[in-house]
Amino acid sequence: MSSADTAPPFAAQQGSPPGVVLSSYLLMAAALLLIMWRGLLPGLLCVCLGFLLTRWLAPRFALLARPVPGRTGVPRWAQVLAAALVMLSPLALLGLGLSHSRGYLVEAPQQYRELLDYMARTVLELREKLPHDMAEQLPAGAQEIQRAIASYLGAKAGALALAGRVWLSGLLFAYVGMLIGALAAVRHIHGVRGPLAQELVLRIALFGDAFRQIVAAQFWIAAFNTLLTAIFLLVVLPLWDMALPYTPVLITITFIAGLVPIVGNLLCNAIITVVGLSVSPVAALACLGFLVLIHKAEYVINAKVVGQRTHMGVWELLSVMFVAEAVFGPAGLVAAPLFYAYLKKELSTARLV
């Protein structure tokens, strides 16, 4: 959020009645719980993304024009142009994607199901994939574990067979969120805000700061991780005659899992290593070694980019992610770092921590 949006609410908080401040906290908490309960987290994240992108682009468009003497602030035309670009860019990217990879976008749930089935078969054939001496060292109960893992993967694959509708509705929610965020960034405020509105603006401004620090940083970290993984899967392994199946799906999973700190890295590591094992034990070791190296570099970046800004330790992240996943499922893993960073900002603003 811009300084123009955050400055008045901080001043208003000092003189607002305690009941108004408490009401703003309760409304914000209720809104976040409703979003998690109804599965609207992708829409919320895209609202924040659309808002921040529009606010970031508008001043840069204004620099392209000749400044008008005596006029301060961002011109209205620059704000509208930035909002239009943010709203139309997803449609242009979707059209480009459909023209070049329509089958992948439409059949993505089915492809993920096939990947899980493939992993289940690989787990069941583990003894056949490993060298004879190494396979003999596996305990007798390993086959039971293999069957349990395969059954779990098979169950998840069956669930994904029905996920096409959810996949498309998630894309729709995300795009509507982008529209809302872009329009909110260029809204024109008439009159003076009341005390409750001022307090709610403060809550939203703090949440926007948490989003910018956590999710935006994690997005670039995931993009960096995905780029290196794509080079490894598309260039390095084929040069060694060890190309993996389902490479586009693996790259997509790497990016999506990379948005979840710590746990996401472990998840995509396990998936790529199991798929590598289906090719050969050497391919599995190569995948594991490469992923460990790039994720070590990612942890250093994560610690500097995220940790220094939010003052959150690894144990704090793991704790809130564990609780959030138990309550809200996979969406809780994504939301936990953002919501916890927002909570710490609220406590710090109130001088309680």
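Everything numeric in this text was worked out from a predicted model, so none of it was measured.

Colleague: Can you explain the overall build of the chain? Please cite residues and give values.
Modeller: Each helix and strand in the chain was counted, giving 15 helices and 0 strands. For the chain, buried positions account for 41% of its 353 residues. Across the chain, the fraction of contacts at a sequence separation of at least 24, relative to all contacts at a separation of at least 6, is 78%. Accessible area of the chain: about 19800 Å², with a carbon and sulfur share of 71%.

Colleague: Describe the confidence of the model for the chain, and please don't skip the residues or the numbers.
Modeller: When pLDDT is averaged across the chain, the result is 75; 66% of the residues are at 70 or more. At the level of individual helices and strands, the chain shows its lowest average pLDDT in helix α1 (residues 3-15), which scores 44, and its highest in helix α2 (residues 18-37), which scores 92. Within the model, the stretch residues 1-13 combines pLDDT values under 50 with 27 contacts to residues more than four positions away or in other chains. The model gives residues 159-164 a pLDDT under 50, and that stretch makes 7 contacts with residues more than four places away or in other chains.

Colleague: Could you give an account of the packing of helix α3 (residues 41-62) against helix α15 (residues 330-349), naming the residues involved and the relevant values?
Modeller: When two helices pack together, their arrangement is given by the angle between the helix axes and by the axis-to-axis distance. At their nearest, the axes of α3 and α15 sit 11 Å apart, and the two run at 35° to each other. As for the relative orientation of α3 and α15, their crossing is left-handed in sense. Residues Leu41, Leu44 and Leu45 of α3 pack against Ala331, Val334, Ala335, Leu338 and Phe339 of α15. Taken together, the residues of the contact of α3 with α15 sort by class into 8 nonpolar, no polar and no charged.

Colleague: Just give me the short version of the pattern of salt bridges, but keep the residues and values in it.
Modeller: Under the counting rule described, the total for this entry stands at 3 salt bridges. The residue Asp209 makes a salt bridge to Arg212 at a minimum N-O spacing of 2.4 Å. Note that Asp209 and Arg212 are positioned in helix α10 (residues 195-239) at a spacing of 3 residues, about one turn of the helix. It is possible to trace a salt-bridge network through shared partners that takes in Glu199, Arg203 and Glu346.

Colleague: Provide a residue-level description of unusual backbone geometry, including the pertinent values.
Modeller: At Asp241, a position not held by glycine, the phi torsion is positive, near 60°. Examined against the element boundaries, Asp241 turns out to sit in the loop between α10 and α11 (247-258).

Colleague: Just give me the short version of the packing of aromatic side chains, but keep the residues and values in it.
Modeller: Scanning the entire structure with this criterion turns up 3 aromatic pairs. With a centroid separation of 6.1 Å and 55° between ring planes, the pair formed by Phe207 and Phe339 is classed as tilted. With Phe207 in helix α10 and Phe339 in helix α15, this pair connects stretches of sequence that are 132 residues apart. When sorted by exposure, Phe207 lands in the same class as Phe339, which is buried. Here the aromatic residues Phe207, Phe339 and Tyr342 are joined through ring pairs into a cluster of three or more. Stacked on the ring of Trp37, the Lys or Arg Arg38 has its end atom at 5.3 Å from the ring centre.

Colleague: I'd love a proper account of the packing of α3 against α10, names of residues and values included.
Modeller: Packing of α3 against α10 leaves a shortest axis separation of 10 Å and a crossing angle of 95°. Judged on the interaxial angle alone, α10 and α3 are roughly perpendicular. Here α3 contributes Leu44, Leu45, Cys48, Leu49 and Leu52 to the contact with α10, which in turn contributes Phe207, Gly208, Phe211, Arg212 and Val215. Residues of the contact of α3 with α10, tallied by class, amount to 8 nonpolar, 1 polar and 1 charged.

Colleague: Just give me the short version of α2, but keep the residues and values in it.
Modeller: Look at α2: 28 Å from first C-alpha to last across 20 residues, which is about the 28 Å you get at 1.5 Å a residue. Residues Val20, Val21, Ser24, Met28, Leu32, Ile35 and Met36 constitute the buried set of α2. Take α2 and look down its axis: the buried residues cluster within an arc of 150°, on one side only. Along α2, exposed side chains directed more than 90 degrees from the buried face belong to Pro18, Leu22, Leu26, Leu33 and Trp37. At the exit of α2 stands Gly39, carrying a positive phi of roughly 70°.

Definitions and limits used
- Residues numbered from 1 in each chain as written.
- Predicted model: local features only at pLDDT ≥ 70, side-chain atom pairs only at ≥ 80, totals over all residues.
- Heavy atoms only, no water.
- Helix = DSSP H or I, 4+ residues; strand = E, 2+ residues; numbered from the N terminus.
- Buried < 20%, exposed > 50% of the residue type's maximum accessible area, 1.4 Å probe, protein only.
- Contact = heavy atoms within 4.5 Å.
- Areas by Shrake-Rupley, 256 points an atom, 1.4 Å probe, with all protein chains shown as cover.
- pLDDT = per-residue confidence, 0-100.
- Axes fitted to C-alpha atoms, helices over the stretch in contact; angles between N-to-C directions.
- Left-handed = near helix turned anticlockwise from the far one by under 90°.
- Nonpolar A, V, L, I, M, F, W, Y, C, P; charged D, E, K, R; others polar.
- Salt bridge = Lys/Arg side-chain N within 4 Å of Asp/Glu carboxyl O.
- Phe/Tyr/Trp six-rings, centres within 6.5 Å; stacked < 30°, edge-to-face > 60°.
- Lys NZ or Arg CZ within 6 Å of the ring centre and 35° of its normal.
- Parallel < 35°, antiparallel > 145°, perpendicular 65-115°, else oblique.
- Expected span 1.5 Å × (residues − 1).
- Arc of directions from axis to C-beta.

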